[in-house]
Amino acid sequence: MATDDKTRTELEAAVYRRLVEHLRSRTDVQNIDLMNLAGFCRNCLSNWMKDAADAKGVAMSKDESRQIVYGMPYDEWRAKHQKAASPDQKAAFQKASQKH
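Overview of the structure. (Residues numbered from 1 in each chain as written. Predicted model: local features only at pLDDT ≥ 70, side-chain atom pairs only at ≥ 80, totals over all residues. Heavy atoms only, no water.)

**Focus on the pattern of salt bridges**
Taken as a whole and assessed by the stated rule, the structure comprises seven salt bridges. Across the salt bridge formed by Glu 10 and Lys 6, the nearest N and O atoms sit 2.4 Å from each other. Note that Glu 10 and Lys 6 are positioned in helix α1 (residues 5-25) at a spacing of four residues, about one turn of the helix. On the basis of relative accessible area, Glu 10 is assigned to the partly exposed category, the value being 39%. A cluster of three or more residues bridged by salt bridges with shared partners is formed by Asp 5, Arg 8 and Glu 12. (Salt bridge = Lys/Arg side-chain N within 4 Å of Asp/Glu carboxyl O. Helix = DSSP H or I, 4+ residues; strand = E, 2+ residues; numbered from the N terminus. Buried < 20%, exposed > 50% of the residue type's maximum accessible area, 1.4 Å probe, protein only.)

**A look at helix α3 (residues 42-56)**
Taking 1.5 Å as the rise per residue, α3 with 15 residues should run 21 Å; its terminal C-alpha atoms sit 21 Å apart, in good agreement. Restricting attention to buried positions, one finds in α3 the residues Arg 42, Asn 43, Cys 44, Leu 45, Ser 46 and Ala 53. Contacts from the buried residues of α3 go to α1, α2 (31-38), α4 (62-70) and α5 (74-81). Phi turns positive, to about 75 degrees, at Gly 57, one or two residues after α3. (Expected span 1.5 Å × (residues − 1). Contact = heavy atoms within 4.5 Å.)

This is a description of form; function is not addressed.
Spelled out as structure tokens, the structure:
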């Protein structure tokens, strides 16, 4: 299926918004689990958002990009939803980090 650039961008934006909404609703899934399984997490998405803003010359702070992804200030999300990583999660993260 061939689409024009505008339509492709609109579809990609819709997919991104759906992914962010899904991650906001799945507060039970910790960032370390996402990193261990997929190699990226909510923080990665927010960093990519900031990188894209920087590339376009759009002023955006790290806190602003995180609020876009988390749907609230990062510190608030952490206080409400982030749990301490288990020894198994930490070991898996360490093992995955060595591959990169």
